Amino acid sequence: EAAASCAKLDQGSAKDLLGGAKAFIFDCDGVIWRGDKLIEGIPETIQGLRDAGKKLIFVTNNSTKSREGYLKKFLSLGLEISAEEIYSSSYAAAAYLKAKNFPTDGSKKVYVIGEVGIMEELELAGIPHFGGPEDASAKITLGKGVKMPHDEDVSAVIVGFDREINYYKIQYATLCIRENENCEFIATNRDAVTHLTDAQEWAGNGSMVGAIAGSAAREPTTVGKPSTFMLDDIADQFKIDKSEICMVGDRLDTDIMFGQNGGLKTMLVLSGVTREETLLSEENQIHPDLYTSKLADLLPALNE
Ligand code: PLP
Ligand code: CA
């Protein structure tokens, strides 16, 4: 008996999909590119979808770049898109605080564990913030009776992927959260592992969020995939009905869950981290509507 209820994309289902979806949300790494390399057939497919009048949104859980940073990456890969079509988890963190009316008058601040992407998005949103790259070489001072000072105006801590995370940052974030029960604890994403390079799996932001959750004794609000915050904001901004969106991703627990949490049509591509064997195994509980080897498999139906 078949464990999975998902179907392999064929010409018929591709045409149905294109007929029903007015908008596509694409995950980036594993769908559009792998690391710094464009996946086969992407420029033609994106052009084809645009010509067919589809709205396209590019979503990534990688918080290390801002939307502007991703725009440069898209352009460097020869893909012409606009910043508004990009929704990164770094932008999601800033959008979340904006939606919560985080004060911009300096009365409250955000402490960041993360890289420049989050700092740039907070800057653009006018939200006072510190930490991140500035604390790359900050050290704790241990001594009898010596406390680590922290700014009591911090009312949100954002934890994103940070290749320069250290004990100082962990302690600082912990103090902010533990000593102020109203301090927001925000995770850009909780990906267990990432593919910084294709040589192996690398510890993802789940490890950094886990470090803070472990000491803060609280769970964060996740703003990236698979959270519904991101999807609701996208549907709002683009004025699209969720019933008309297809989510395409390479990961079951972030992308496909994200789509399913929001009631979207979902398609898994095998050009990233998920192997067909895993998808079809009895243990897998997350079943996309459709799956195929790569996004460009939509081309024949688009060109017909
Ligand atoms: N986080 C980091 C640090 C990454 O390097 C990646 C992928 O390269 C991701 C998250 C996942 O990104 P995406 O959501 O585009 O697959
Ligand atoms: Ca991905």
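See above for the structure.
Residues numbered from 1 in each chain as written. Chains lettered and ligands numbered in written order. Predicted model: local features only at pLDDT ≥ 70, side-chain atom pairs only at ≥ 80, totals over all residues. Heavy atoms only, no water.

Colleague: With reference to specific residues and values, describe the pairing of strand β15 (residues 265-269).
Modeller: The buried fraction of β15 is high, at four of five residues. With four bridges joining them, strand β14 (residues 245-249) and β15 adopt parallel strand pairing. Paired with V248 across the strands is M267, a residue of β15. You can see the chain leave β14, run along helix α9 (residues 252-261) and come back into β15, and the turn it takes is right-handed. (Buried < 20%, exposed > 50% of the residue type's maximum accessible area, 1.4 Å probe, protein only. Helix = DSSP H or I, 4+ residues; strand = E, 2+ residues; numbered from the N terminus. Pairing = 2+ DSSP bridges. Right-handed = clockwise from strand over helix to strand, strands pointing away.)

Colleague: Can you break down the packing of aromatic side chains residue by residue, with the values?
Modeller: Taken as a whole and assessed by the stated rule, the structure comprises eleven aromatic pairs. Both rings, one in F58 and one in F74, keep their centres 5.0 Å apart while their planes meet at 65°; by these two values the pair is edge-to-face. With F58 in strand β5 (residues 55-60) and F74 in helix α3 (residues 67-76), this residue pair connects regions lying 16 residues apart in the sequence. With relative accessibility at 0%, the residue F58 sits in the buried group. (Phe/Tyr/Trp six-rings, centres within 6.5 Å; stacked < 30°, edge-to-face > 60°.)

Colleague: With reference to specific residues and values, describe the coordination of the calcium ion (ligand 2).
Modeller: Only D27 (OD), D27 (OD), D29 (O) and D250 (OD) from the protein coordinate the calcium ion (ligand 2), and they sit 2.2 to 2.9 Å from it. Along the chain, the residues that donate to the calcium ion (ligand 2) are spaced as D-x1-D-x220-D. Here the residue D29 occupies a position in the loop between β2 (23-27) and β3 (33-34), and D250 occupies one in the loop between β14 and α9, the gap between them amounting to 221 residues. The partly exposed category is assigned to D29, whose relative accessible area is 27%. (Donors = N, O, S within 2.8 Å, 3.2 Å for Na, K, Ca; no water.)

Colleague: Let's hear about the site of ligand 1: which residues, and what values?
Modeller: Every residue near ligand 1 is listed here: D27, C28, D29, T60, N61, N62, F161, D191, T194, L196 and K225. N61 is positioned with one of its backbone polar atoms (N or O) 2.8 Å from an oxygen atom of ligand 1. The side chain of N62 places a nitrogen or oxygen atom 3.2 Å from an oxygen atom of ligand 1. Coverage of ligand 1 by the protein amounts to 93% of the 390 Å² it exposes when considered alone. Its residues assigned to classes, the shell around ligand 1 shows three nonpolar, four polar and four charged. (Near = heavy atom within 4 Å. Polar contact = N/O pair within 3.5 Å; in protein donor to acceptor, adjacent residues only side chain to side chain. Areas by Shrake-Rupley, 256 points an atom, 1.4 Å probe, with all protein chains shown as cover. Nonpolar A, V, L, I, M, F, W, Y, C, P; charged D, E, K, R; others polar.)

Colleague: Explain the state of the cysteines to me, using residue names and the numbers behind them.
Modeller: For the coordinates displayed, the defined rule picks out zero disulfides. Left without a disulfide partner, C176 is nearest to the cysteine sulfur of C183, which lies 5.8 Å away. You can see C246 has no disulfide; the closest cysteine sulfur is in C6, sitting 13 Å from it. (Disulfide = S-S within 2.5 Å.)

Colleague: So, the pattern of salt bridges: which residues are in play, and what are the values?
Modeller: For the coordinates displayed, the defined rule picks out 17 salt bridges. In this structure, the salt-bridge partner of K73 is D36, at a minimum N-O distance of 3.6 Å. Residue K73 is found in helix α3, and its partner D36 is found in the loop between β3 and β4 (37-38); the two are separated by 37 residues along the sequence. Exposure remark for K73: the relative accessible area of 13% places this residue in the buried category. (Salt bridge = Lys/Arg side-chain N within 4 Å of Asp/Glu carboxyl O.)

Colleague: For the sheet that holds strand β10 (residues 184-187), give the residues involved together with the corresponding values.
Modeller: Read from one edge of the open sheet, five strands run β8-β7-β9-β10-β13, paired in parallel fashion. Lying at the two open borders of the sheet, with one neighbouring strand each, are β8 (129-131) and β13 (221-222). Bridging between strand β7 (residues 109-113) and strand β9 (residues 154-159) involves five bridges; their strand directions are parallel. Bridging across to β9, V110 finds its partner in A156. Along the sheet face, helix α6 (residues 167-178) touches β7, β8, β9 and β10 and points at about 145° away from the line of β7. (Contact = heavy atoms within 4.5 Å. Axes fitted to C-alpha atoms, helices over the stretch in contact; angles between N-to-C directions.)

Colleague: How would you explain a nonpolar patch on the surface if you had to name every residue and give the values?
Modeller: There is a patch of nonpolar side chains on the surface, built from I140, L142 and Y167 and spanning about 350 Å² of accessible area. Residue placement: I140 occurs in the loop between β8 and β9. Owing to a relative accessible area of 33%, I140 belongs among the partly exposed residues under this scheme. (Patch = residues over 30% accessible without salt bridge, like charges linked within 9 Å, V, L, I, M, F, W, Y side chains within 5 Å.)

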